[in-house]
Amino acid sequence: MSEDGREQQRALYGEPIADITARVQESLGLSQRRVAAVLGLSAPMLSLLVAGTRVKIGNPAAVQRLGALAELVGIADGLSAEELEQRLVGIADTHPTLTNTGMTDPAALLAASADAAELERLAGLTTAPALATLLRRAARHHG
């Protein structure tokens, strides 16, 4: 990867895509092809991004899914293989919606991050009423 490409990706995504995908692959035990599938990208496109031949992911939903995969790395150790697979499927199925302000619906993001029972549990733990409402709204996205 060219250093220029790495720097452009660092500016866009906080770090080069090669570093993000390597961490995701190693921590979650995924092939690059599976990472591409979860992101909603073709395997050749992800290869171009990892190599730095392409700098930017053109699909905002794929960028969001990449962030969700990176976040999943932080909690993957506590998940069973079945739970991990459910989370991967949930991330792959995420179709973010944009509000008129350009922000993604936070309830949809939360719904892609945890199952309904966990969201309800967290809603019961927080002392912030607005957060509890948001978590419960996210839990309803599941069903």
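Scroll up for the structure.
Because the structure is a prediction, the values reported are computed rather than measured. (Residues numbered from 1 in each chain as written. Predicted model: local features only at pLDDT ≥ 70, side-chain atom pairs only at ≥ 80, totals over all residues. Heavy atoms only, no water.)

Turning to the overall build of the protein chain, a few remarks are in order. Summing up its helical and strand segments, the protein chain has nine helices and zero strands in all. Reading the helices (α) and strands (β) of the protein chain from amino to carboxyl end gives α-α-α-α-α-α-α-α-α. Computed over its C-alpha atoms, the radius of gyration of the protein chain comes to 16 Å, within 12% of the 15 Å expected for a compact globule of 143 residues. Viewed in the frame of its principal axes, the protein chain has a C-alpha envelope of about 50 × 40 × 25 Å. Buried residues in the protein chain amount to 35% of all 143 residues. Looking at the protein chain alone, contacts between residues at least 24 apart form 53% of all its contacts between residues at least 6 apart. About 8000 Å² of surface is accessible on the protein chain, with carbon and sulfur atoms providing 56% of the total. (Helix = DSSP H or I, 4+ residues; strand = E, 2+ residues; numbered from the N terminus. Rg over C-alpha atoms; globule rule 2.2 N^0.38 Å. Buried < 20%, exposed > 50% of the residue type's maximum accessible area, 1.4 Å probe, protein only. Contact = heavy atoms within 4.5 Å. Areas by Shrake-Rupley, 256 points an atom, 1.4 Å probe, with all protein chains shown as cover.)

Looking now at the pattern of salt bridges. Inspection of every chain in the model, using the stated rule, returns six salt bridges. Glu 15 is paired through a salt bridge with Arg 23; the nearest N and O atoms lie 2.7 Å apart. The class of Arg 23 is partly exposed, set by a relative accessible area of 31%. Between Arg 34 and Glu 85 there is a salt bridge, and its shortest N-O distance comes to 2.9 Å. Pair noted here: Arg 34 is in helix 3 (residues 32-39) and Glu 85 is in helix 6 (residues 81-92), with a separation of 51 residues, a long-range link. We classify Arg 34 as partly exposed; its relative accessible area is 28%. Looking at Glu 85, the relative accessible area reads 35%, which means it is partly exposed. (Salt bridge = Lys/Arg side-chain N within 4 Å of Asp/Glu carboxyl O.)

Turning to the packing of helix 8 (residues 116-125) against helix 9 (residues 129-140), a few remarks are in order. When two helices pack together, their arrangement is captured by the angle between the axes and the distance separating the axes. Orientation of helix 8 relative to helix 9, taken along the N-to-C sense of each, is 165°, at an axis distance of 8 Å. When the interaxial angle is binned, helix 8 and helix 9 end up roughly antiparallel. Note on packing geometry: the crossing formed by helix 8 with helix 9 is left-handed. Residue-level contacts link Ala 116, Leu 119, Glu 120, Leu 122, Ala 123 and Gly 124 of helix 8 to Ala 132, Leu 135, Arg 136, Ala 138 and Ala 139 of helix 9. The residue inventory of the contact of helix 8 with helix 9, partitioned by class, reads eight nonpolar, one polar and two charged. (Axes fitted to C-alpha atoms, helices over the stretch in contact; angles between N-to-C directions. Parallel < 35°, antiparallel > 145°, perpendicular 65-115°, else oblique. Left-handed = near helix turned anticlockwise from the far one by under 90°. Nonpolar A, V, L, I, M, F, W, Y, C, P; charged D, E, K, R; others polar.)

This paragraph deals with helix 7 (residues 106-113). Those residues of helix 7 not exposed but buried are Ala 107, Ala 108, Ala 111 and Ala 112. Projected down its long axis, helix 7 carries its buried residues within an arc of 140°, all on one side. In the core, the buried residues of helix 7 are packed alongside helix 6, helix 8 and helix 9. (Arc of directions from axis to C-beta.)

Their axes nearest at 9 Å, the elements helix 3 and helix 4 (residues 43-51) cross at an angle of 105°. The pairing of helix 3 with helix 4 is recorded here as roughly perpendicular in orientation. Contacts between helix 3 and helix 4 involve Gln 32, Arg 33, Val 35, Ala 36 and Leu 39 from the first element and Ala 43, Leu 46, Ser 47 and Val 50 from the second. Residues of the contact of helix 3 with helix 4, tallied by class, amount to six nonpolar, two polar and one charged.

Another point: the nonpolar core. Grouped together as the largest cluster of nonpolar side chains are 26 residues, with contacts concentrated most on Val 24, Leu 28, Leu 69 and Leu 88. Ala 107, Ala 111, Ala 114 and Leu 134 belong to the second largest nonpolar core, which has 10 residues in total. (Core = buried A, V, L, I, M, F, W, Y, C linked by side-chain atoms within 4.5 Å.)

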